[in-house]
Amino acid sequence: MAGKLKKISRSVIENKYSQSLFVRYFTVSILIIIVCFSILGLALLVFVGNYWKNEKTQIIRTNVLDLASTTGDVLSSNRMKSDTEGSLIMLCYNLRTVSRAVGADFFIVNSDGQVAICQESLVSDYLKTDEETGDIRCSIHSAYKFSDTLLNEVNRGNYCQITNLSGMLDDKFIVAAEPIEVNDETVAYCFCLQPLEQGVNTYVFDILKMFLFSSAVALVLCFIAVYLMTYSLTKPLRQMSYATKRYSVGDFSPRVDVRGRDELASLCAEFNAMATALATLESSRRNFVANVSHELKTPMTTISGYMDAILDGTIEKSEQTHYIQIVSDEVKRLSRLVVAMLNMSKIEAGEIKLNPTKFDINELIFTTLLSFEQVISNKNIEITGLEKLSPVEVKADRDMLHQVVYNLVDNAVKFTPENGEISLSAVADEKNVSVSIKNTGAGVSSEEITKIFERFYKVDKSRSYDVKGAGLGLYIVKTIVEMHGGTIRADSVEGQYTNFTFTIPVGGF
C-alpha cells in the first residue's frame, strides 16, 4: 500500500508544473468562452448586416415612392406652369432633405436616362445650369446614363436591387427607382443610390464597437468567475495530492474538506473514508506485527530454554516429561498462529472453496467441546445446555464450521474465570439454525464489542488472560459464517457475560 501511495505521489509531483490541472482547466474554459463569444460576434455581424440591408432597403423604397408621388404632383400642378424655376428649386430641396435624412443619394432622371434634378443642382437658392444649353447639370451625376432596359424595368414597378448597374457604378449599391407619372404618363424617374459596403460597414462597425466593449467587460467577469470556480474545483484535488504525499510517508492525519453534495464532495468523503481505513489498517498492521512478534518470541524463548535445560541436564529426568509437555503446548500454539495467518491470507485472496455436506451441527458442537475437557475440568467450569441439544442437520462445510465453533468455544473457555459457566444452545426452524455460546466473566465494553470482529483486534490488551491471541480468530469466524450466507453477532454486559450467536441456513448457501 505504501509503495502505491509513493508512486501516486511521485506522479503528482512530476506533473505538478508541466500538466497543472488548474492551468489546463482554466485555459480550456477561457478558450471555450472566447470561442463562444467569437461565434456570437460573427453571428451578430451577419445578423446586423442583413438587418441593416433589409431596413435600409425598406426606408429607401418608402422614400422613393413618396418622392415620386410628390414630384408627380408638382409637375402636374398649375404652379409649375407659372413658376417653373421655383417648383424645381422646391424639388431640389425635397431631394436634399430626404437624402440627408436617409443618408442616401436621391435624384430625378428624365426619360432619356439623364439625371435632371439632384440635391447638388441647388446652390444658394439658385439652380446650376449649363451656360450653353441652359439645362440643369451636376458635376457628380452628369456622368450617369441609365439604359432604356433599366428604365423599362423601373416602369414595371417595385424596382429595388443590389447592383453596380452593369459597371456604371464603382461598387455595389442599393438601387431603388420609381416612375414619376403625370396624367397616367411616365415623364421621369425617381432614383436612389445607397453605397452598400460603406453604409453597412459604418453601421456594423458601430455595433461592433458596442459589442466589443460589452464583451470585454463580460470576458473580464468570466475570467474572474472561471478562475474562482476552477480554483474551488481543484482545491480538493490539491488537498488530495498533499494528503497522498503524507500518506506515502506514513502520516494518515491529513483530511480533505468536504463541501456540498455533488460528485466531488462524494469523492472527498470517500477519500477521507479511505484515509481512515488506511490509518486503521496501518494501526492494526503495526499492532499485528507487535503481537505476532510477541506471540512468536514467547513460545520460541520457552521452547529454546526448556530444550537447552533438558539437553544440558539442568532438568532432572523425572521432570523432563512435564517440561516436554510444556514445549509441546508451545509448539501447538505456534502452529495455531501460523494456521490462523494462512487462513486469513487464503480468505483475503479468495482461495478458500467451501465443500458443503450434510451433518448434525449439534454433534459437531459436542465433539468440539470434548477437546477442551481437560481445561474445563482444571478451571471447574460448568457447562449447561447440552441436555437440550437435539439433532439438527445442516448443509455446510463441516471443517469450516468446526473452525467457527472451535474458536468460539476456545474464547469462551479462555475468558471464563474459575468456577464460571458456559451455556450452549442451538435453535432451528425451517430455514435457519442459530447457535449461541455464552460464558460468564468480565465481559466486553460497549465500545469494544463493535470492533471485536476486525482483523488483528484484541480486546483490552492490558488483560493478562488474553496473551495467547493474535486478533485473527473472530475475524476468520465472521468471514466463514458470511461465506455460508449467515450472520454473527456479539452482546455482552461488563462483569457478567459475553454471548456469541451465529446463524446459518440449514439448507445450504
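What counts, and at which threshold
Residues numbered from 1 in each chain as written. Predicted model: local features only at pLDDT ≥ 70, side-chain atom pairs only at ≥ 80, totals over all residues. Heavy atoms only, no water. Helix = DSSP H or I, 4+ residues; strand = E, 2+ residues; numbered from the N terminus. Buried < 20%, exposed > 50% of the residue type's maximum accessible area, 1.4 Å probe, protein only. Core = buried A, V, L, I, M, F, W, Y, C linked by side-chain atoms within 4.5 Å. Contact = heavy atoms within 4.5 Å. Axes fitted to C-alpha atoms, helices over the stretch in contact; angles between N-to-C directions. Left-handed = near helix turned anticlockwise from the far one by under 90°. Nonpolar A, V, L, I, M, F, W, Y, C, P; charged D, E, K, R; others polar. Pairing = 2+ DSSP bridges. pLDDT = per-residue confidence, 0-100. Phe/Tyr/Trp six-rings, centres within 6.5 Å; stacked < 30°, edge-to-face > 60°. Lys NZ or Arg CZ within 6 Å of the ring centre and 35° of its normal. Arc of directions from axis to C-beta. Polar contact = N/O pair within 3.5 Å; in protein donor to acceptor, adjacent residues only side chain to side chain. Lys, Arg positive; Asp, Glu negative; His and termini not counted. Salt bridge = Lys/Arg side-chain N within 4 Å of Asp/Glu carboxyl O.

J.: Describe the overall build of the protein chain, listing the residues and the values that go with them.
T.: Helix and strand counts for the protein chain stand at 13 helices and 14 strands. Within the span of the protein chain, comprising 509 residues, buried residues form 39% of the whole.

J.: Explain the nonpolar core to me, using residue names and the numbers behind them.
T.: The biggest cluster of nonpolar side chains holds 42 residues, and the ones touching the most others in it are Ile361, Leu401, Val404, Leu408, Val433 and Phe502. Contributing elements (two or more residues each) for this core: helix 9 (361-370), strand 10 (393-396), helix 11 (398-415), strand 11 (421-428), strand 12 (432-440), helix 13 (473-483) and strand 14 (497-505). A per-element tally of this core places helix 11 first, with eight residues. Not counting residues up to four positions away in its chain, the partners in contact with phenylalanine 502 are Ile361, Val404, Val405, Leu408, Val433, Ser434, Val435, Val481, Thr487 and Ile488. Counting 23 residues, the second largest nonpolar core, distinct from the first, contains Leu67, Leu88, Ile117 and Ala188.

J.: Can you break down the environment of phenylalanine 372 residue by residue, with the values?
T.: In this structure, phenylalanine 372 sits in the loop between helix 9 and helix 10 (373-378). Spatially, the C-alpha atom of phenylalanine 372 lies 7.9 Å from that of valine 413, the residues being 41 residues apart in sequence. Apart from residues lying up to four places away in sequence, phenylalanine 372 is in contact with Tyr406, Val409, Asp410 and Val413.

J.: Residues and numbers for the packing of helix 11 against helix 13, please.
T.: Close contact between helix 11 and helix 13 brings their axes to 9 Å; oriented N to C, the two are set at 145°. Seen from above, helix 11 lies across helix 13 with left-handed handedness. Contacts between helix 11 and helix 13 involve Met400, Gln403, Val404, Asn407, Leu408 and Asn411 from the former and Gly473, Leu474, Ile476, Val477, Ile480 and Val481 from the latter. Residues belonging to the contact of helix 11 with helix 13 are distributed by class as follows: eight nonpolar, four polar and no charged.

J.: Quick rundown of the sheet that holds strand 11? Include the residues and the values.
T.: Spatially, the five strands line up as an open sheet ordered 9-11-12-14-13, and their pairing is mixed. Single-partner strands in this sheet number two, and they are strand 9 (382-384) and strand 13 (487-493). Taking the axes of each pair of neighbouring strands and ignoring which way they run, one obtains an average angle of 15° across the sheet.

J.: Please provide a residue-by-residue account of the confidence of the model for the protein chain, values included.
T.: Put simply, the protein chain has an average pLDDT of 80, and 84% of its residues get 70 or more. Within the model, the stretch residues 12-18 combines pLDDT values under 50 with three contacts to residues more than four positions away or in other chains. Here residues 461-467 scores under 50 on pLDDT; set against residues more than four positions off or in separate chains, the count is 12 contacts.

J.: Quick one: what's the story with the packing of aromatic side chains, residue by residue and with numbers?
T.: Evaluation of the coordinates by the stated rule reveals 10 aromatic pairs. Each member of the aromatic cluster is reached from another via a ring pair, and the members are Phe107, Tyr144, Phe146 and Phe191. Lysine 438 extends its terminal NZ or CZ atom over the ring of tyrosine 497, reaching a point 4.3 Å from the ring centre.

J.: Can you break down the sheet that holds strand 6 (residues 173-182) residue by residue, with the values?
T.: As summarised here, the arrangement of the five strands in space is 2-1-7-6-5, forming an open sheet in which the pairing is antiparallel. Of all the strands in the sheet, just strand 2 (115-118) and strand 5 (159-163) have a single pairing partner and so form its edges. The sheet shows a mean angle of 25° between the axes of neighbouring strands, direction not considered. Where strand 1 (residues 105-110) and strand 7 (residues 185-195) come together, six bridges link them in antiparallel fashion. Looking across to strand 7, one finds that isoleucine 108 is bridged to cysteine 190.

J.: Before we move on, can you summarise helix 9 with the specific residues and values?
T.: Every buried residue belonging to helix 9 is among Ile361, Asn362, Leu364, Ile365, Thr368 and Leu369, and all of these are buried. All buried residues of helix 9 project into a common sector of 155° when viewed along the axis, lining one side. Between the side-chain oxygen at the start of helix 9 and the backbone nitrogen of asparagine 362 there is a gap of 3.0 Å, and the oxygen is on aspartate 360.

J.: Help me get a handle on the side chain of lysine 56, residues and values and all.
T.: Checked against the element boundaries, lysine 56 lands in helix 2 (residues 21-76). Although lysine 56 lies buried, it forms no salt bridge, and the closest oppositely charged side chain, glutamate 55, sits 9.9 Å away as judged by the N-O distance. Engagement of the side chain of lysine 56 in a polar contact is seen with the backbone oxygen of valine 102, the distance being 2.5 Å. Not counting residues within four places of it along the chain, the set of residues in contact with lysine 56 comprises Val102, Ile174 and Gln194.

J.: Outline the pairing of strand 12, supporting the account with residue identities and numerical values.
T.: For a regular strand, side-chain orientation follows a simple rule: the groups alternate between the two sheet faces. Where strand 11 meets strand 12, seven bridges bridge the pair, whose relative direction is antiparallel. The residue bridging leucine 424 from the neighbouring strand is isoleucine 437, located in strand 12. When strand 12 meets strand 14, the two strands line up antiparallel, connected through nine bridges. For isoleucine 437, the partnering residue across the bridge sits in strand 14 and is phenylalanine 500.

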